[in-house]
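Below, each chain spelled out in residue letters.
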Amino acid sequence: MNTTRSSELYAEAVQFMPGGVNSPGRAFKGVGGTPLFIERGEGPYLYDADGNRYVDYVLSWGPLILGHAHPNVVEAVAKQAARGTSYGAPTDLEIQLAQIVTQMVPSMQMLRFVNSGTEATMSAIRVARAYTGRDKFIKFDGNYHGHADSLLVQAGSGVATFGLPNSPGVPQGATQDTLTCAYNDLDGVRATFEAYPEQIAAIIAEPVAANMGFVLPEPGFLEGLRALCDEFGALLILDEVMTGFRVALGGAQDAFGIEPDLTTLGKVIGGGLPVGAYGGKRSIMEVVSPVGPMYQAGTLSGNPLAMAAGLATLTTLREEGLFERVVAVTDRVHAAIKEAAADAGVSLQTAQAGTMFGLYFSEAPVTNYSEAKASDTMRYATYFHALVEEGVYVAPSAFEAGFTSIAHEGEALDHTIEAVRRAFQRVAEQAEQSA
Ligand code: KE4
């Protein structure tokens, strides 16, 4: 691929923004090389500044389940923009989107819109602390819940990509109440509750861990978290920023039959515009200002432009049979990856949940963060660049998930299957050369 223009843009960008990017995960640090600069997206495709076309499995890290520039979303956003982008006052659009979300995720009897997943999770933790009067909370190594100070402890996603245990700039005071456990380890969670009796406000968990690669909850794990929260008087927060409307229409909580006390959402809910949300039982959410004393606010929270994009996305996504089609597409991509790796003799662990999937270059199964970190990230880098050369764009990090959309069918899917085959052959050749 000729990526000259991307390189020129990168050289300019680094003069103005750290690493030339506005989010570290985009910087290719996990796979080497420099980022592709994108000119436009259309359906399943991204087009870079040099005119190269890629079938996109990052989809803005999850939001674009309808693909790029879906007509329903474009029309809704254009119409609303002509009526104004933000009023700083309540609108009917917020009611409409809130109604759809509570219909699709019934555990969210009441919710508040914010502008990112980070705002959603930091606010949900504040709700749990305000509601229980307790300060500590449990998170899992390798789970990423955004970049709020108290959550940047053993985090996944970009933090994992950079191998940071925590982040400089986060004072001890901000993380002294953050307790971490290994994912899928219920005994560790019980021991933590017993070590801090009546001090733990909540557990926050990714119901499918998609920020350390892609790790499914082991049978009984989520049910165990629910039971432990009930036993020890803590709230269960399921962070569905990534899994919401993707693992199932009702999120992972629907797929696994778990009822959390609070849920956080992001990504798909905004259809590519900045929307997050936190919500849950009415009795809990009534602690939030102006009804209750817990303060949380945002200038652009619930702005009509973002609401219009979210409404168009979820309304379209709920159309009969549409979600099932995206799952079927994901099934095919997942099967093609497994088959290509096996045919090339490359050891691979894969997993899928609804419209999300992931893989590890590992001989052993991966069930938690330490096992994920032991996977072969160099092989992942070879796989990544081989796919880019074939016109397929996946996450530039071994610690991220893959996403599909309604647009990933026909030629885009056929091209992907062929490209994946070639990419695993490249990995196998590379392995032979370095053996
Ligand atoms: P944002 O603040 O980035 O909107 O959401 C934070 C967040 C919270 N919870 C979960 C489960 C998440 O996956 C995220 C953000 N996901 C990453 C991708 N793995 C965002 C990508 C990025 O940081 O650029």
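Calculation notes
Residues numbered from 1 in each chain as written. Predicted model: local features only at pLDDT ≥ 70, side-chain atom pairs only at ≥ 80, totals over all residues. Heavy atoms only, no water. Disulfide = S-S within 2.5 Å. Helix = DSSP H or I, 4+ residues; strand = E, 2+ residues; numbered from the N terminus. Expected span 1.5 Å × (residues − 1). Contact = heavy atoms within 4.5 Å. Near = heavy atom within 4 Å. Areas by Shrake-Rupley, 256 points an atom, 1.4 Å probe, with all protein chains shown as cover. Domains from an automatic or database assignment. Pairing = 2+ DSSP bridges. Axes fitted to C-alpha atoms, helices over the stretch in contact; angles between N-to-C directions. Core = buried A, V, L, I, M, F, W, Y, C linked by side-chain atoms within 4.5 Å. Buried < 20%, exposed > 50% of the residue type's maximum accessible area, 1.4 Å probe, protein only.

Student: Would you take a moment to explain the state of the cysteines for this structure?
Tutor: The bond known as a disulfide is covalent and runs between the sulfur atoms of two cysteines. All chains considered together, the criterion is met by zero disulfides. Of the cysteine sulfurs around Cys181, a residue in no disulfide, the closest is that of Cys229, at 11 Å.

Student: Looking at this model, I keep getting lost on helix H3 (residues 92-104). Mind explaining?
Tutor: Spacing of three or four residues puts side chains on the same side of an α-helix, whose turn is 3.6 residues. With 13 residues, H3 extends 19 Å between its outermost C-alpha atoms, agreeing within 8% with the 18 Å of an ideal straight helix rising 1.5 Å per residue. For H3, the secondary structure elements touched by its buried residues are helix H2 (71-81), strand E4 (110-114), strand E9 (262-265) and helix H11 (304-317).

Student: Help me out: how do you make sense of the site of the ligand in this one?
Tutor: Contacts to the ligand come from 16 residues, most closely from Ser23, Thr118, Asn211, Asp239 and Glu400. Taking 540 Å² as the accessible area of the ligand by itself, protein coverage stands at 87%. Of the residues that make up the shell around the ligand, three or more belong to each of domain 1 (4-69 + 321-434) and domain 2 (73-317).

Student: Can you walk me through the sheet that holds strand E10 (residues 276-280) in this structure?
Tutor: Remark on secondary structure: sheet strands pair via backbone hydrogen bonds, oriented parallel or antiparallel. Within the open sheet, the seven strands sit side by side as E4-E10-E9-E8-E7-E5-E6. Their pairing is mixed. Pairing within the sheet leaves two strands with one partner each, and these edge strands are E4 and strand E6 (178-181). Neighbour-to-neighbour, the strand axes of this sheet turn through a mean angle of 20°, independent of strand direction. In this structure, E4 lies alongside E10, joined through five bridges in antiparallel fashion. Looking at E10, one finds that Leu111 is bridged to Gly279.

Student: Hey, could you run me through the nonpolar core in this one?
Tutor: For soluble globular proteins, the rule of thumb is that nonpolar side chains tend to be buried together. Ranked by size, the top nonpolar core spans 41 residues in total, and within it Ile337, Phe361, Tyr380, Tyr383 and Phe424 carry the most contacts. Elements with a minimum of two residues in this core: strand E2 (45-48), strand E3 (53-56), helix H12 (322-344), strand E12 (356-360), helix H14 (377-389), strand E13 (392-393) and helix H15 (411-434). With eight residues, H15 is the largest single contributor of residues to this core. Look past the residues within four positions of Tyr383 in its chain and what remains in contact with it is Ile337, Leu359, Phe361, Ala423, Phe424 and Val427. Core analysis: the second largest hydrophobic core is formed by 31 residues, Leu265, Ala306, Ala309 and Phe323 among them.

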